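# A structural walkthrough
For reference, the chains in residue letters:
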Amino acid sequence: MKRSVLTRYRVMAYLTAVMLLILCTCMVFKYGFDTGADLTLAVSQVHGVLFMIYLVFAFDLGSKARWPFPKLLWVLVSGTIPLAAFFVERGVRAEVEPLVADAEAAATVDA
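Keep in mind the model is a prediction, meaning the values are calculated, not measured.

Counting secondary structure elements, the protein chain contains 4 helices and 0 strands. What you see for the protein chain is a C-alpha radius of gyration of 17 Å, clearly larger than the 13 Å of a compact globule of 111 residues, by over 25%. With the C-alpha coordinates aligned to their principal axes, the bounding extent of the protein chain is approximately 60 × 25 × 20 Å. Residue pairs in contact within the protein chain that sit at least 24 positions apart in sequence constitute 72% of those at least 6 positions apart. Carbon together with sulfur atoms contributes 71% to the accessible area of the protein chain, which is approximately 6800 Å² in total.

Now the structure itself:
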C-alpha cells in the first residue's frame with residue numbers, strides 16, 4: 001500500500017473533523033442566538049462536500065487494508081460524530097503505518 005493512500009485519508013479526516021466542529025458552532029449560533037443562518041448554510045455545504053471526499057478516501061484505504069465491514073463502517077461514520085474522527089484517525093494511522101512500511105520495504109528489496 002502506498003503512503004499517499006494513508007496521507008489522503010488523514011488530511012480528509014482532519015478537514016472533515018474541523019469542518020464538523022465549525023458547523024456545530026455555527027448551529028449553536030443559528031439556533032441558540034438566532035444569528036448566522038447564511039454562514040451555517042455555507043459551512044454545511046462545504047462540510048458535505050468534504051465529507052463525500054472523506055468517504056471515498058476512507059473506503060479506498062479500508063479496501064486496501066482489507067478491513068472487515070464493521071471497522072470500515074465505523075471509520076466512515078466517524079466523520080459525522082464531532083471529535084470522533086480525530087480519535088479514529090489516530091487508531092487508523094497506528095494500524096496502517098506498519099502496512100505502509102512493509103510495502104515500502106518490499107518495494108525497496110524488489111528494486
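Looking now at the packing of helix α2 (residues 37-65) against helix α3 (residues 69-77). When two helices pack together, you describe them by how their axes are tilted relative to each other and by the distance separating the axes. Two elements in contact, α2 and α3, have axes whose closest approach is 9 Å; the angle formed by their N-to-C orientations is 155°. When the interaxial angle is binned, α2 and α3 end up roughly antiparallel. As for the relative orientation of α2 and α3, their crossing is right-handed in sense. Each of Phe51, Tyr54, Leu55, Ala58, Phe59 and Gly62 in α2 lies in contact with α3, whose residues at this interface are Leu72, Val75 and Leu76. The residue makeup of the contact of α2 with α3, split by class, is 8 nonpolar, 1 polar and no charged.

The final tally for this structure, using the stated rule, is 0 disulfides. As a non-bridged cysteine, Cys24 has Cys26 as the owner of its nearest cysteine sulfur, 9.3 Å distant. Exposure remark for Cys24: the relative accessible area of 30% places this residue in the partly exposed category. With a relative accessible area of 9%, Cys26 lands in the buried category.

Turning our eyes to something else, we now look at the confidence of the model for the protein chain. In regions of low pLDDT, the predicted coordinates are not meant to be interpreted in detail. Summarising the model, the protein chain shows a mean pLDDT of 91, and 98% of its residues fall at 70 or more. Per-residue pLDDT, averaged within each element of the protein chain, yields its smallest value for helix α4 (residues 84-110) (86) and its largest for α2 (94).

Looking now at the side chain of Glu89. Residue position: Glu89 is located in helix α4. Judged by its relative accessible area of 1%, Glu89 falls in the buried class.

A few words now on the packing of aromatic side chains. Scanning the model with the defined rule gives 4 aromatic pairs in all. Plain terms: the ring middles of Tyr9 and Tyr54 are 5.8 Å apart, the flat faces sit at 35° to each other, and that makes the pair tilted. Taken together, the positions of Tyr9 in helix α1 (residues 3-33) and Tyr54 in helix α2 put the pair 45 residues apart, joining distant regions of the chain. Classification of Tyr9 as buried rests on a relative accessible area of 0%. Since its relative accessible area comes to 0%, Tyr54 is described here as buried. Geometrically, the ring pair formed by Phe29 and Phe33 is tilted, given 5.5 Å between the ring centres and 45° between the ring planes. In this pair, Phe29 and Phe33 are both assigned in helix α1, 4 residues apart and thus about one turn of the helix distant.

The rules behind the values
Residues numbered from 1 in each chain as written. Predicted model: local features only at pLDDT ≥ 70, side-chain atom pairs only at ≥ 80, totals over all residues. Heavy atoms only, no water. Helix = DSSP H or I, 4+ residues; strand = E, 2+ residues; numbered from the N terminus. Rg over C-alpha atoms; globule rule 2.2 N^0.38 Å. Contact = heavy atoms within 4.5 Å. Areas by Shrake-Rupley, 256 points an atom, 1.4 Å probe, with all protein chains shown as cover. Axes fitted to C-alpha atoms, helices over the stretch in contact; angles between N-to-C directions. Parallel < 35°, antiparallel > 145°, perpendicular 65-115°, else oblique. Left-handed = near helix turned anticlockwise from the far one by under 90°. Nonpolar A, V, L, I, M, F, W, Y, C, P; charged D, E, K, R; others polar. Disulfide = S-S within 2.5 Å. Buried < 20%, exposed > 50% of the residue type's maximum accessible area, 1.4 Å probe, protein only. pLDDT = per-residue confidence, 0-100. Phe/Tyr/Trp six-rings, centres within 6.5 Å; stacked < 30°, edge-to-face > 60°.

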